[in-house]
Amino acid sequence: MGDVESWIERDIANVWHGFTQMAAYADNRPVIVERAEGRELIDVEGRRYLDAISSLWVTTLGHRVPELDQAVRDQLDRVAHSTMLGNGNRVVIELAEALAPRVPVDSPRFLFASDGAAAVEQALKIAFQYWTNQGVTTRTRYLAFGGAYHGDSIGSLSVGDGGFGTDIFDPLRFPVLRSPSLSEPGAVEAAGDAISAHGTELAAVVLEPLVQGAAGMALMPPDAVAAVAAAARRHGVLVIHDEVATGFGRTGTLFATDQCGIRPDLLVLGKGITGGYLPLSATVASEAVWSEFLGADLSERTFYHGHSYSGNALAAAVALRHLQLIDEWDVMANVTDRSAQLATRLSRDVAVLDPVAEVRQCGLMVGIELAPPADGLRWGRRVAAACVERGVLIRPLGDVVVVMPPLTITAAEIDRIVDTVAAAIHEVTSPDVPAVRDATPVSDQSSDGTTARADH
Ligand SMILES: *Cc1c(COP(=O)(O)O)cnc(C)c1O
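**Focus on the environment of E413**
- Within the fold, E413 resides in helix α13 (residues 411-429).
- For E413, a relative accessible area of 15% puts it in the buried group.
- Through-space distance from the C-alpha of E413 to that of V392 is 9.8 Å; in sequence the pair is 21 residues apart.
- If near-sequence neighbours (up to four positions away) are discounted, E413 is found in contact with R39 and L50.
- Reaching out from E413, the side chain makes a polar contact with the side chain of R39 at a distance of 2.7 Å.

Shown next, in the form of structure tokens:
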């Protein structure tokens, strides 16, 4: 315990926070977490905050889940980590076996890493080498989408669409073919045309199925995702689905791809894979892709890529238990019920507010887009701060207020989140505009294409 101010001072003196202007860090009143209970984080002064953003989209079942805690403890009594390079580990094998029937990839093989960005890099490099291993040297490009976010390493940043202040790195990014976000009208045709025109140069098309999270929850119809996959197939282009954000139940199915009726060649998993406990990510390759890497020992067909903590045993153990609990607790039924409740409450109490331009929701992924009447009002930042003030932890994407509660959220907690967000919007915006106007429908599909920038 201790007072927040002194912890913030010690924080600034020693820690550099990502996507955070350290000169403004203290002014933005950060929450300094000490511990947690259920879905609430508790700060160094004992104040409680409902974790309505799942600790930046990773927490699924809540914090300090006894079963997950126990899985880590049990694995500690075996081994914390052993290398996956040339050797195996029992719990990693068990995890891959448990994931195999659940992921939307044919006869999958799992290459583990620690962060989503690293798993995206692996997917990009695998797609590239898949072709060179077959003697095809012309397929060296990727098709990616407007509004895309795939991580912050140079390769993942390259397939991403920039923004969040990352444009400064443009000279380092490799060029990709970019097609409009699938949340925009005409985007399927545009992507089809790009694939037709450049089909023989493309190694892969990479996309976030159903929801572009970092774009401010830009939504696309499942058949748009399926249509892009079909076009890619016609031209022999590999399909990479980045489900780092959408995976593990957020969209109402275990994977967003499950709603699209297709099987990508490569699937990228991260964030929720350990329930938010430990850093783990995975690149999932179909057997057809994986088998192109088979050859003589020490030959150039090998995938020469690996990370020190690939397949960390503690992370694998908690990921395995997490997958079991999703079934044992029938977590997806709660996601269905709470998503419906959230949609009802948002359309009744938030979408109708005058400062709200649009509410976008897919499962338990929500973006509430505010429409400030002028630049520089920082509505997103201020509404989030007003929520935190009321004990609900929110972090915006620009002027999009993101709500992404843990999958085990209760009906009462959903009500608390919506009440808090509505009150915060009213408090922040009422001096600027009147509070309520007639219905703005909650769209369950396409956005107006506006992408949130800054305030990642
Ligand atoms: C968060 C995210 C990533 C990057 O994952 P990190 O673990 O932060 O590196 C990649 N793709 C998508 C869609 C994401 O939301």
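On we go from here.
**A look at the packing of aromatic side chains**
- The tally for this structure, following the rule as stated, stands at five aromatic pairs.
- Summarising the aromatic geometry, the rings of F110 and F112 are spaced 6.1 Å apart at their centres and angled 15° between planes, so their arrangement reads as stacked. The two residues F110 and F112 agree in class, both being buried.
- With 4.9 Å between their ring centres and 80° between their planes, Y130 and W131 make a pair best called edge-to-face.

**Section: the side chain of R250**
- Here R250 is to be found in the loop between β10 (238-242) and β11 (266-269).
- It turns out R250 is buried and unbridged, and the closest side chain with the opposite charge, D51, is 8.5 Å from it.

**A look at the domain arrangement of the protein chain**
- With domains assigned, the protein chain is organised as domain 1 (4-61 + 330-429) and domain 2 (67-328).
- Listed per partner, the contact involves 27 residues of domain 1 and 30 residues of domain 2.
- Of the roughly 2,200 Å² buried where domain 1 meets domain 2, counting both sides, 68% is carbon and sulfur surface.
- Counting the surface domain 1 buries against domain 2, the share from its top three residues, F19, W57 and M365, is 27%.
- Joining domain 1 to domain 2, the criterion identifies 13 residue pairs in polar contact (both at pLDDT 80 or more).
- Taken together, the residues of the side of domain 1 that touches domain 2 break down into 19 nonpolar, six polar and two charged.

Basis of the calculations
- Residues numbered from 1 in each chain as written.
- Predicted model: local features only at pLDDT ≥ 70, side-chain atom pairs only at ≥ 80, totals over all residues.
- Heavy atoms only, no water.
- Helix = DSSP H or I, 4+ residues; strand = E, 2+ residues; numbered from the N terminus.
- Buried < 20%, exposed > 50% of the residue type's maximum accessible area, 1.4 Å probe, protein only.
- Contact = heavy atoms within 4.5 Å.
- Polar contact = N/O pair within 3.5 Å; in protein donor to acceptor, adjacent residues only side chain to side chain.
- Phe/Tyr/Trp six-rings, centres within 6.5 Å; stacked < 30°, edge-to-face > 60°.
- Lys, Arg positive; Asp, Glu negative; His and termini not counted.
- Salt bridge = Lys/Arg side-chain N within 4 Å of Asp/Glu carboxyl O.
- Domains from an automatic or database assignment.
- Buried area = accessible area lost by both parts, 1.4 Å probe.
- Nonpolar A, V, L, I, M, F, W, Y, C, P; charged D, E, K, R; others polar.

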